[in-house]
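Listed here are the chains, written in short residue letters.
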Amino acid sequence: MRAHAPHHAPKEWREKFKGKFDYGWDKEREITYERQKKMGIIPADAKLSPRNPEVPTWDSRSDQEKKLYSLLYENFAGYLSFTDHEVGRLIDAINQLPDADNTLIIYIVGDNGASAEGGLEGTINEIKGLNGISSTIEENLKKADEIGGPTTEPHFPIGWAFAGNTPFPWVKQVASHFGGSRNPMVVSWPKVIKDKGGMRSQFIHLIDVMPTILEVEGVQMPEYINGIKQEPLDGKSFVATFTNKNAPEFRHTQYFEEFSNRAIYHDGWVARHQHTLPWKQDVAPGFENEKWQLYNIDKDFSEAEDVATKNPDKLKELKALFDSEAEKNHVYPLDDRGSQRISIPKPSPIAGRTKFTFYEGATRIPETASTKYQKLFVGNGS
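Note that the structure is predicted; figures quoted are calculated from it, not measured.

Lay out the side chain of Ser176 in plain terms, naming residues and giving numbers.
Its place among the elements puts Ser176 in the loop between α6 (158–164) and β2 (185–188). Of note is the side chain of Ser176, whose polar atom sits 2.6 Å from the side chain of His177. Among the polar contacts made by the side chain of Ser176, one reaches the main-chain carbonyl oxygen of His273 at a distance of 3.5 Å. Each residue touching Ser176, except ones within four places of it in the same chain, is listed here: Asn261, Arg262, Ala263, Arg272, His273 and Gln274.

And the structure:
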């Protein structure tokens, strides 16, 4: 389930959280961190990653700003809770089925990390923000009573996004950091999983979900589909973790990249480079002054301590591994143009053509007679 903007929720659900976040995002981050430790969601010795200097402090905001920011996050909380309620109704219905105990449910919730696409000030019109146009506090407050309703497309400001990704650094789009890629996953299969409420710490990736389902069903990945040879699956099944919380690690390497924010995981280490800012999609910073960081997540769950200077050889090794994985998975060339990737015209096979002639059953494309008039041959006239 993607907790994606716009955040729309019935008014009664929004009002459940009225005043609940008036203390601000800095305090919310601390509260969330302590709650995670108490619940055992994160290790007892996990540190809270350093505060990001890009985020303004809550205490530095004006009363007007705090009012809007609180409204936007109350609305998000209502939206998320309403969604959770509806998911609960679905699960309740599944539990009434005769084979409910033998039903596998995999529930992943998040937005690739909480999103900072609402910008520094938040917005009631996310499309403006995605096009690099900021909204003013005054503009947003004019529709304060409509936030979360059909006349708005609300999104909270970046401070709440960083709080939402506690205890990790960074946010959605910044795939170099766990705050931009790590999401909670809940698996239910009563017939097999007896460790109700148990936690698992093996490193897995979204690509491992399909192989897991195939193994559960006893189905082999087909070599051909409709006569087309398939690429082999990169993912690996994590079924072994269902019955054994200490099952051996099976994913040893995984690369990440989005808008040139990139990272490589390998056997408990993560090397990473943060490149672009989600709330400045119209800015391409270039690749001249890149600084990579290194984390030993076996000892530092939340990526709180950069150990690159202490382990230069390990960093060099992982950067080389990223290059290898990036080449293998067609990541290069990197493109950091942000929103321009959508608006800038892309190379097209029909660019410049003004006339098309279709031939029945043709099997080849002949030489072009001119650049102005070209014939496009397609099989079976399609």
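From this point, the narrative continues.
Tell me what's going on with the nonpolar core, and back it up with residues and numbers.
Of all hydrophobic cores here, the largest spans 32 residues; its most connected members are Trp25, Phe156, Trp160, Phe162, Trp170, Val171 and Trp279. Those elements that place two or more of their residues in this core are α3 (63–94), α5 (137–141) and α6. Counting residues per element, this core draws most heavily on α3, at seven residues.

How would you explain the layout of surface pockets if you had to name every residue and give the values?
Roughly 340 Å³ of internal volume is contained in the second largest pocket. In terms of lining residues, the second largest pocket is bounded by 22 residues, among which Pro50, Arg51, Asn52, Pro169 and Trp170 are the most central. For the lining of the second largest pocket, the secondary-structure elements that each account for two or more residues are α2 (25–39), α6 and β8 (293–296). Of the residues that constitute the lining of the second largest pocket, the class distribution is eleven nonpolar, five polar and six charged.

So what's going on with the pairing of strand β6 (residues 261–266)? Which residues, and what values?
Extensive coverage of β6 is indicated by the burial of six of its six residues. Neither face of β6 is exposed, since Asn261, Ala263 and Tyr265 on one face and Arg262, Ile264 and His266 on the opposite face are all buried. Pairing between strand β5 (residues 253–258) and β6: six bridges, direction antiparallel. Of the residues in β6, the one forming a bridge with Glu258 is Asn261. The hairpin formed by β5 and β6 contains two residues between the paired strands, and Phe259 there has a positive phi angle of roughly 50°.

Mind laying out the packing of aromatic side chains, listing which residues take part and the relevant values?
Applying the stated criterion across every chain, the model contains 25 aromatic pairs. Summarising the aromatic geometry, the rings of Tyr73 and Trp160 are spaced 4.1 Å apart at their centres and angled 5° between planes, so their arrangement reads as stacked. Residue Tyr73 is located in helix α3, and its partner Trp160 is located in helix α6; the two are separated by 87 residues in the primary sequence. Of the two residues, Tyr73 and Trp160, neither departs from the other in class, the shared state being buried. With 5.9 Å between their ring centres and 65° between their planes, Trp292 and Phe322 make a pair best called edge-to-face. In this pair, Trp292 is assigned in the loop between β7 (269–273) and β8 and Phe322 in helix α9 (residues 312–328), connecting sequence segments 30 residues apart. Residue Trp292 shares its accessibility class with Phe322, and that shared class is buried. Here the aromatic cluster, defined as three or more aromatic residues joined through ring pairs, consists of Phe17, Phe21, Trp25, Trp58, Tyr69, Tyr73, Phe76, Tyr79, Phe156 and Trp160. The ring centre of Trp13 lies 4.9 Å from the NZ or CZ of Lys16, which sits over that ring.

Give a description of empty space enclosed by the protein that names residues and reports values.
Where empty space is left can be seen by rolling a probe of water-molecule size over the atoms. All told, the structure shown has one cavity of 30 Å³ or more when counted by the stated rule. Looking at the largest cavity, the residues that line it are Gln173, Phe259, Thr276, Leu277, Lys280, Gln281, Val283, Asp336 and Gly338. Its residues placed into classes, the lining of the largest cavity shows three nonpolar, four polar and two charged.

I'd love a proper account of unusual backbone geometry, names of residues and values included.
Residues Ala5 and Pro6 are joined by a peptide bond in cis, for which omega reads 5°. Residue placement: Pro6 occurs in the segment before α1 (11–14). Even without glycine at this site, Asn112 takes up a positive phi of about 60°. Tracing the sequence through the fold places Asn112 in the loop between β1 (105–108) and α4 (126–130). For Asn112, a relative accessible area of 37% translates into the label partly exposed. Positive phi, close to 55°, is recorded for Glu303, a residue that is not glycine. Residue position: Glu303 is located in the loop between β8 and α9. Judged by relative accessible area, which is 1%, Glu303 ranks as buried.

Please give an account of the pattern of salt bridges that cites residues and values.
Tallied over the full model, the rule gives 16 salt bridges. The shortest N-O distance in the salt bridge between Lys172 and Asp111 comes to 3.2 Å. Here Asp111 lies in the loop between β1 and α4 and Lys172 lies in the loop between α6 and β2, a separation of 61 residues in the sequence. Residue Asp111 is classed as buried on the basis of its relative accessible area, which comes to 5%. Between Arg262 and Glu290 there is a salt bridge; the shortest N-O distance is 2.5 Å.

Any chance you could break down the sheet that holds β8 for me, citing the residues and the numbers?
The antiparallel open sheet is built from four strands, whose spatial order is β5-β6-β7-β8. Strands at the two margins of the open sheet, each flanked by one partner only, are β5 and β8. Taking each pair of neighbouring strands and ignoring which way they run, the sheet shows an average axis angle of 15°. Summarising the sheet, β7 and β8 pair through four bridges and their orientation is antiparallel. For Ala271, the partnering residue across the bridge sits in β8 and is Leu294. Lying on the sheet, α9 is in contact with β5, β6, β7 and β8; it crosses β6 at an angle near 110°.

Definitions and limits used
Per chain, residue numbering runs from 1 following the sequence as it is written. Residue-level local features of this predicted model are given only where pLDDT is at least 70; pairs of side-chain atoms are given and counted only at 80 or more, and the full residue set underlies all totals for whole chains, interfaces and linings. The basis for the side-chain values is all heavy atoms of the structure; hydrogens and waters are excluded. Under the DSSP-based scheme used, a helix requires at least four consecutive residues in state H or I and a strand at least two consecutive residues in state E, with every element numbered from the N terminus. N or O atoms within 3.5 Å of each other form a polar contact, as long as, within protein, one can give a hydrogen and the other can take it, and as long as residues adjacent in sequence are counted only when both atoms are side-chain atoms. The criterion used for residue contact is that any of the two residues' heavy atoms lie within 4.5 Å. To qualify as a nonpolar core, a set must consist of buried Ala, Val, Leu, Ile, Met, Phe, Trp, Tyr and Cys residues joined through side-chain atoms within 4.5 Å. Accessible area is worked out with a 1.4 Å probe on protein chains only. A residue is then buried under 20% of its type maximum, exposed over 50%, and partly exposed in between. Method remark: on a 1 Å grid restricted to protein atoms, a set of points is classed as a cavity if a 1.4 Å probe fits but cannot get out and as a pocket if it is open with protein on both sides within 12 Å along at least five of seven lines; lining residues have an atom within 4 Å of a point. Grid points are joined across faces, edges and corners, and a volume is the space filled by probe spheres set on the points. Residue polarity is assigned by list, with Asp, Glu, Lys and Arg as charged and Ala, Val, Leu, Ile, Met, Phe, Trp, Tyr, Cys and Pro as nonpolar; anything else, Gly included, falls into the polar class. When DSSP locates at least two bridges between a pair of strands, those strands are taken to pair. Stacked, tilted and edge-to-face pairs are distinguished by plane angle, under 30 degrees for stacked and over 60 for edge-to-face with tilted covering the rest, among Phe, Tyr and Trp rings (Trp via its six-membered ring) whose centres lie within 6.5 Å. Comment: the charge-over-ring label is applied if NZ (Lys) or CZ (Arg) is within 6 Å of the ring centre and within 35 degrees of the ring normal. Just to be clear on terms, a salt bridge is a Lys or Arg side-chain nitrogen sitting within 4 Å of an Asp or Glu carboxyl oxygen. Lines are fitted to the C-alpha atoms to define the axes, a helix being fitted only along its stretch in contact, and any angle between axes, read from their N-to-C directions, falls within 0 to 180 degrees.

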